[in-house]
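Commentary on secondary and tertiary structure
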Amino acid sequence: MDTLILVVIIAVLAVGAAAGLVVTGRRRRQVPPPARRPEPVEPRVGEDAETPRDTPRRTIEDVGPPGTGTGLLEPGAPTAPPAPAPAPEVEVAPEEAAAPPAIEKPEPTAGRLVRLRARLSRSQNTLGKGLLALLSREHLDEDTWEEIEDTLITADVGVAPTQELVERLRTRVKVLGTRTPEELRALLREELVELVGTDMDRSLRTAAHPAAGDGAAARPAVLMVVGVNGTGKTTTTGKLARVLVADGRSVVLGAADTFRAAAADQLQTWGERVGARTVRGPEGGDPASVAFDAVKEGIAEGVDCVLIDTAGRLHTKTGLMDELGKVKRVVEKHGPLDEVLLVLDATTGQNGLVQARVFAEVVNITGIVLTKLDGSAKGGIVVAVQRELGVPVKLIGLGEGADDLAPFEPGQFVDALIGD
Ligand SMILES: Nc1nc2c(ncn2[C@@H]2O[C@H](COP(=O)(O)OP(=O)(O)OP(=O)(O)O)[C@@H](O)[C@H]2O)c(=O)[nH]1
């Protein structure tokens, strides 16, 4: 009997245990699997990669390209994969999501002006062709010479340079006697090239400074880009990085335009495309300290050049100029600036001259970058602005494309104006 009771108890316990296991098993199956989220993938933001920001930031993918508003990368160019969805079932490898964009190899700069010549010819057609048509008239009377003057002044050459050119042309045409179209073209070309100037040093100082005998460490060439907002400063800084990389230089970028929220993103995108690192600071932060850090980084990395983009807009003009002066002073704690490039928008005409004067009071401008010459018939501003500052135009912008920035060459420029 005792044995029977014992067997019954064991049987009851066994059934109970089995039922418990099933319940527990069911419960276990009902619990969703732990969500295996990837580490949050932040866009790389230069020096601040680890610092969370209060202000919502635009990612690199959000940053509009120059002019199109859809993304800086050209159609078909590789883009970073989208951020991972939060669904727990999908596992996204963080390293996959953070894949760096492919590094491009920009076109060499030699011959760029020749490649971009059609754009220049198209926009400056009225100037070159207009002058040739007037010079080809049967009678070069007073009215015709006045029209020639007007054509040059309309193209923003400036009054004094225009009068000089017309005077010289008049004398030479008179001396020449016969006037075949070929002779007139050659005369006009010579005079225009002379006016644009062949004796100015248009090279960019981009070679690093080797360590000096007095113990000074090696340091990169430092180029600062200045100008009012909208002239194309950030775009030019990005294109210039490509010019330098194309010519075999290594580059660090400094996003010292902390005033405009998207400027640093825009610059960083340009840099990433050619493998140049961008040093940036918090939005609204101190531009001088960003510029200082960029040079420090350039020294540490041993690069050839550091390119610093600056703000073009502040609450007041005095504020902007004070800030620019400070950026310059602080950067020069590392050593003198090699180039200060003033970016001027060719479509703003005489306004550019006023800007040039203001900037020249604060920083020692060493070269001018004239942007948007593809969209302006006022190529004469090249002459006027050089006269105004006594500083050469070193680069010209001829479009929104990544490689539409060309070293300026007077002969090729004039050829594009008057055609072959
Ligand atoms: N057509 C044409 N557009 C240009 C050229 N250079 C720059 N741009 C355009 O000019 C616009 C302004 O350029 P940004 O580089 O953002 O101007 P910014 O001077 O940095 O402006 P802020 O950052 O506000 O000071 C963009 O749409 C550029 O694509 C050029 O040579 N030709």
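Residues numbered from 1 in each chain as written. Predicted model: local features only at pLDDT ≥ 70, side-chain atom pairs only at ≥ 80, totals over all residues.

Let me state the cut-off plainly: UniProt positions are given in the numbering used here, feature names are shortened, and annotations may be inferred rather than shown by experiment.
An unreviewed UniProt entry lists the protein under the name Signal recognition particle receptor FtsY, with Allostreptomyces psammosilenae given as the organism. What UniProt states about the protein under its Subunit (unreviewed entry) heading is, verbatim, "Part of the signal recognition particle protein translocation system, which is composed of SRP and FtsY." Taken verbatim from the UniProt record of the protein, the Catalytic activity (unreviewed entry) comment is "GTP + H2O = GDP + phosphate + H(+)".

Considerations on the overall build of the protein
Counted only if it meets this: Put simply, DSSP H or I for four residues or longer makes a helix, DSSP E for two residues or longer makes a strand, and each gets a number counted from the N terminus. Using C-beta atoms placed from the backbone, we call a residue buried if 20 or more other C-beta atoms fall within 10 Å of its own, exposed if 12 or fewer do, and partly exposed for counts in between. By the convention adopted here, residues are in contact when the distance between their C-beta atoms, placed from the backbone, does not exceed 7 Å.
From N to C terminus, the protein includes 15 helices and eight strands. For the protein, buried positions account for 40% of its 420 residues. The contacts in the protein between residues at least 6 apart in sequence include a share of 74% that link residues at least 24 apart.

Focus on the confidence of the model for the protein
Just so we agree on the cut-off: For every residue, the pLDDT score states the predictor's confidence, bounded by 0 at the bottom and 100 at the top.
Within the protein, residue pLDDT values average 77, and 75% of them lie at 70 or more. Counting contacts from residues 15-96, a segment whose pLDDT is below 50, to residues more than four positions away or on other chains yields 71 contacts. Model confidence for the complex is summarised by a pTM of 0.75, with the ipTM given as 0.94.

Regarding helix α11 (residues 287-301)
We count it as follows: Multiply 1.5 Å by the residue count of a helix minus one, and that product is the helix's expected span.
Counted at 1.5 Å a residue, the expected span for α11 with its 15 residues is 21 Å, and the 21 Å between its end C-alpha atoms agrees. On its buried side, α11 packs onto β1 (221-226), β2 (251-256), β3 (277-279), β4 (305-310) and α12 (317-331). Within two residues after α11, Gly302 carries a phi angle of roughly 70°, on the positive side.

A look at the sheet that holds β3
Working definition: the strands of a sheet are paired by backbone hydrogen bonds and lie parallel or antiparallel to each other. Condition: Any two strands with at least two DSSP-identified bridges between them are counted as paired. Only the contacting stretch of a helix is used when fitting its axis, a line to C-alpha atoms as for every element, and angles between N-to-C directions run 0 to 180 degrees.
Here we have eight strands laid out as an open sheet, ordered β3-β2-β4-β1-β5-β6-β7-β8, and mixed in their pairing. Single-partner strands in this sheet number two, and they are β3 and β8 (405-407). Direction aside, neighbouring strands of the sheet carry axes that sit 25° apart on average. Pairing of strand β5 (residues 339-345) with strand β6 (residues 367-371) involves five bridges; the strand directions are parallel. Following the sheet pairing, Val343 is matched in β6 by Val369. Set on the sheet, helix α9 (residues 233-246) makes contact with β1, β2, β4, β5, β6, β7 (393-397) and β8; between it and β4 the angle comes to about 170°. Against the sheet, α11 makes contact with β1, β2, β3 and β4, and its axis sits at roughly 170° relative to β2, the strand it touches most.

Things to note about the UniProt feature "domain: SRP54-type proteins GTP-binding" (unreviewed entry) in the protein
Feature annotation in UniProt places "domain: SRP54-type proteins GTP-binding" (unreviewed entry) on residues 392-405, given in this structure's numbering. Secondary structure over residues 392-405 splits into 0% helix and 43% strand, and the C-alpha atoms at its two ends are 16 Å apart.

Considering the nonpolar core
Put simply, the rule reads: Only buried residues count toward a nonpolar core: Ala, Val, Leu, Ile, Met, Phe, Trp, Tyr and Cys, linked into one set through C-beta atoms within 7 Å.
Counting residues in hydrophobic clusters, the biggest one holds 90 residues, and the most contacted among them are Ala241, Val251, Ala291, Leu307, Ile308 and Leu370. Apart from the residues lying within four places of it in its own chain, the contact partners of Leu370 are Leu344, Ala346, Ile381, Val382, Val393, Ile396 and Gly397.

Considerations on the pairing of β4
On a regular strand, each side chain points to the face opposite its neighbour's, so the side chains alternate between the two faces of the sheet. Burial of β4 is extensive: six of the six residues sit out of reach of the surface. Burial along β4 is two-sided: Cys305, Leu307 and Asp309 facing one way and Val306, Ile308 and Thr310 facing the other are all buried. The pairing of β1 with β4 spans five bridges and is classified as parallel. Looking at β4, one finds that Met224 is bridged to Ile308. Two elements, β2 and β4, share six bridges in a ladder whose sense is parallel.

Brief notes about the pairing of β2
With respect to burial, β2 is a largely interior element, six of its six residues being buried. Both faces of β2 are covered, namely the face carrying Val251, Leu253 and Ala255 and the face carrying Val252, Gly254 and Ala256. Where β2 lies against β3, three bridges are found, and the strand directions are parallel. Looking across to β3, one finds that Leu253 is bridged to Thr278.

As for the packing of helix α5 (residues 125-135) against helix α6 (residues 142-154)
So the rule is basically this: Roughly parallel means an angle under 35 degrees; roughly antiparallel, over 145; roughly perpendicular, 65 to 115; everything else is oblique. When residue character is reported, Ala, Val, Leu, Ile, Met, Phe, Trp, Tyr, Cys and Pro are called nonpolar, Asp, Glu, Lys and Arg charged, and the others, Gly included, polar.
Running from amino to carboxyl end, α5 crosses α6 at an angle of 175°, the nearest separation of the two axes being 10 Å. What the angle tells us is that α5 and α6 run roughly antiparallel. Across the interface between the two elements, Leu127, Gly130, Leu131 and Leu134 from α5 touch Thr144, Glu147, Ile148 and Thr151 from α6. Across the contact of α5 with α6, the residue classes break down as four nonpolar, three polar and one charged.

Quick notes on helix α10 (residues 263-273)
Counting buried residues along α10, 11 of its 11 residues qualify, which places the element largely inside the surrounding structure. Within α10, burial applies to Ala263, Ala264, Asp265, Gln266, Leu267, Gln268, Thr269, Trp270, Gly271, Glu272 and Arg273. Next to the buried residues of α10 lie α9, β2, β3 and β4. Positive phi shows up at Gly275, right after α10, with a value of about 75°.

Observations concerning the packing of helix α7 (residues 159-176) against helix α8 (residues 181-196)
Axis angle and axis distance: for two packed helices, these are the angle between their axes and the distance between the axes, and together they describe the pair. Here is the rule we go by: Two helices that cross are described as forming a left-handed crossing if the nearer one is turned anticlockwise from the farther one by less than a right angle, and a right-handed crossing if clockwise.
At a closest axis distance of 10 Å, the pairing of α7 and α8 adopts a crossing angle of 150°. Here α7 and α8 pass one another in a crossing that is right-handed. Contacts between α7 and α8 pair Pro161, Leu165, Arg168, Leu169, Arg172, Val173 and Leu176 from the former with Glu183, Leu187, Glu191 and Leu195 from the latter. Looking at side-chain class alone, the contact of α7 with α8 contains seven nonpolar, no polar and four charged residues.

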